[in-house]
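This is what each chain is made of:
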Amino acid sequence: MLSFPTIPPDRPESKAGCEKPGRTHYPDSVELLASPAVRVGLSVAVATGLYGISFGALSAASGLSLAQTAALSLLMFSGGSQFAFIGVVAGGGSGLSALSAAALLGLRNGVYGMQLNFLLRPRGWRKAAAAQLTIDESVATATAQSELLEAKRGFWTAGIGVFVLWNVFTLVGALLGGAVGDPRQWGLDGAAVAAFLGLLWPRLRSREAGAIAVACAVVTVVAVPLAPPGVPILCAAVVAAVLGLRRTPPRPPEAAADRRPDPQPGLNGGA
Amino acid sequence: MVLWSWILAAGFVSFATKLAGYLVPARILGNPRMLRAAGALTVGLLTSLTVVTTVSSGSVLVPDARLAAAAAAAVALWLRAPFLVVVAAGALAAAAARMAGLP
């Protein structure tokens, strides 16, 4: 089934932390660590965060100062865009072309933001915090969950975890330079591959999802040599959205009518 | 100094792009048809991310040790291994494949 995490009927967590902070249930660490989404988020954070070493080292080698390197990881916080930015700078490109390359690569984060806003509905300052933490890994962790609470835990764990470790290891890489070696040597790029496959896997149960995955894989492979990095993912996103919009499943009319009076149009539409 | 201003501008553009997505009203996506599209989008994005991290290097398709990582992860997933084991299997397979001489 192509479904977003479903909201439990009473949405117990929707009130938490809003009107009645005194009654908010704060799960303790044991409870949190028992959450599959938190554990997935932590593994993703370690695998991705360590990659900050290569960014830091490469950025320093490109001629950026320690402060400039740290600023990129703190402010831009999107691995692909950061590598693109320093790549253009190292190649002698202008600041404008470095910014454009990074911005193009970061466009998918806008699509992610739309999806996460719908899924997690953050409010107030949390919206801005969630926006800054919106990257491939946090989105993948959140959307791979089948319950809303788990999706939230997964997003914040992966987002904050990657943010902290990515910035720490950026500094480590910038200070140590090439001395720590290539993370690929330790198979860290293989860890990233496995993490994304592991997040995709549970979503491939239906034939429809399988068909969409195959179509998107083909589009991505075809687009990689033709388009700038980052754009193939956008192409796949467009293809997936179009396929999702077109394939209208046979649905009894009363089931569709039932949804309309729902005061909070649910996330359970695909269920 | 000039580079600094481009770094700050690029950081702002990155954040603004992310935030723009959050400013799309959620209710626009709240009908069953859009939900199906969003579900499909998730599958499409995860698939594309998996493919990109497995076979691409910049704008070039590079078959290398990461394919071994994908295969090992698939086997682990097939055996219903926990997520952490899947990630570790991917890392070990890539590291082993490189030691065996793959790029």
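Residues numbered from 1 in each chain as written. Chains lettered and ligands numbered in written order. Predicted model: local features only at pLDDT ≥ 70, side-chain atom pairs only at ≥ 80, totals over all residues.

### Some details on the overall build of chain B
Moving on, step 1. The number of helices and strands found in chain B is four helices and two strands.
Moving on, step 2. Since a compact globule built from 103 residues should have a radius of gyration of about 13 Å, the 19 Å found for chain B marks it as more spread out than a globular shape.
Moving on, step 3. In terms of its C-alpha atoms, chain B occupies a principal-axis envelope of roughly 50 × 50 × 25 Å.
Moving on, step 4. Expressed as a percentage of the 103 residues in chain B, the buried residues total 51%.
Moving on, step 5. Residue pairs in contact within chain B that sit at least 24 positions apart in sequence constitute 41% of those at least 6 positions apart. (Helix = DSSP H or I, 4+ residues; strand = E, 2+ residues; numbered from the N terminus. Rg over C-alpha atoms; globule rule 2.2 N^0.38 Å. Buried ≥ 20, exposed ≤ 12 C-beta atoms within 10 Å, placed from the backbone. Contact = placed C-beta atoms within 7 Å.)

### Comments concerning helix 3 (residues 65-78) of chain B
Moving on, step 1. For helix 3 of chain B, with 14 residues, the first-to-last C-alpha span of 20 Å sits near the 20 Å given by 1.5 Å per residue.
Moving on, step 2. Inspection of helix 3 of chain B places B:Ala65, B:Arg66, B:Ala68, B:Ala69, B:Ala70, B:Ala72, B:Ala73, B:Ala76 and B:Leu77 among the buried residues, and these make up the whole buried set.
Moving on, step 3. Residues of helix 3 of chain B that are buried sit in contact with helix 10 (188-200) of chain A together with helix 2 (32-55) and helix 4 (83-99) of chain B. (Expected span 1.5 Å × (residues − 1).)

### A look at the domain arrangement of chain B
A common way to report how large an interface is uses the accessible area buried once the components associate.
Moving on, step 1. Domains assigned within chain B are domain 1 (1-60) and domain 2 (63-103).
Moving on, step 2. The centre of domain 1 of chain B, based on its C-alpha atoms, is set 27 Å off from the matching centre of domain 2 of chain B. (Domains from an automatic or database assignment.)

### Comments concerning unusual backbone geometry
Residues and elements named next belong to chain A.
Moving on, step 1. Phi angles above zero are rare outside glycine, and Phe77 is one such case at about 40°.
Moving on, step 2. Looking at where Phe77 falls in the secondary structure, it is placed in the loop between helix 4 (66-76) and helix 5 (79-90).
Moving on, step 3. Phi at Arg121 is positive, roughly 45°, even though this residue is not glycine.
Moving on, step 4. As for its placement among the helices and strands, Arg121 is situated in the loop between helix 6 (95-120) and helix 7 (125-132).
Moving on, step 5. Residue Arg121 is classed as partly exposed on the basis of its 18 C-beta neighbours within 10 Å.

### Looking at the confidence of the model for chain B
Moving on, step 1. Scored by pLDDT, chain B comes out at a mean of 90, with 99% of its residues at no less than 70.
Moving on, step 2. The ipTM value of the predicted complex is 0.89, and its pTM value is 0.73. (pLDDT = per-residue confidence, 0-100.)

### Remarks on helix 9 (residues 148-176) of chain A
Moving on, step 1. Its 29 residues give helix 9 of chain A an end-to-end C-alpha distance of 41 Å, which sits within 8% of 42 Å, the value for a rise of 1.5 Å per residue.
Moving on, step 2. A positive phi of about 65° marks A:Gly177, the residue just after helix 9 of chain A.

### A short note on the interface of chain A and chain B
Moving on, step 1. With 86 residues of chain A in contact, the opposing surface of chain B contributes 70 residues.
Moving on, step 2. With 16 residues, the top contributor of residues to the side of chain A that touches chain B is helix 6 of chain A.
Moving on, step 3. For the side of chain A that touches chain B, the residue count by class is 56 nonpolar, 23 polar and seven charged. (Nonpolar A, V, L, I, M, F, W, Y, C, P; charged D, E, K, R; others polar.)

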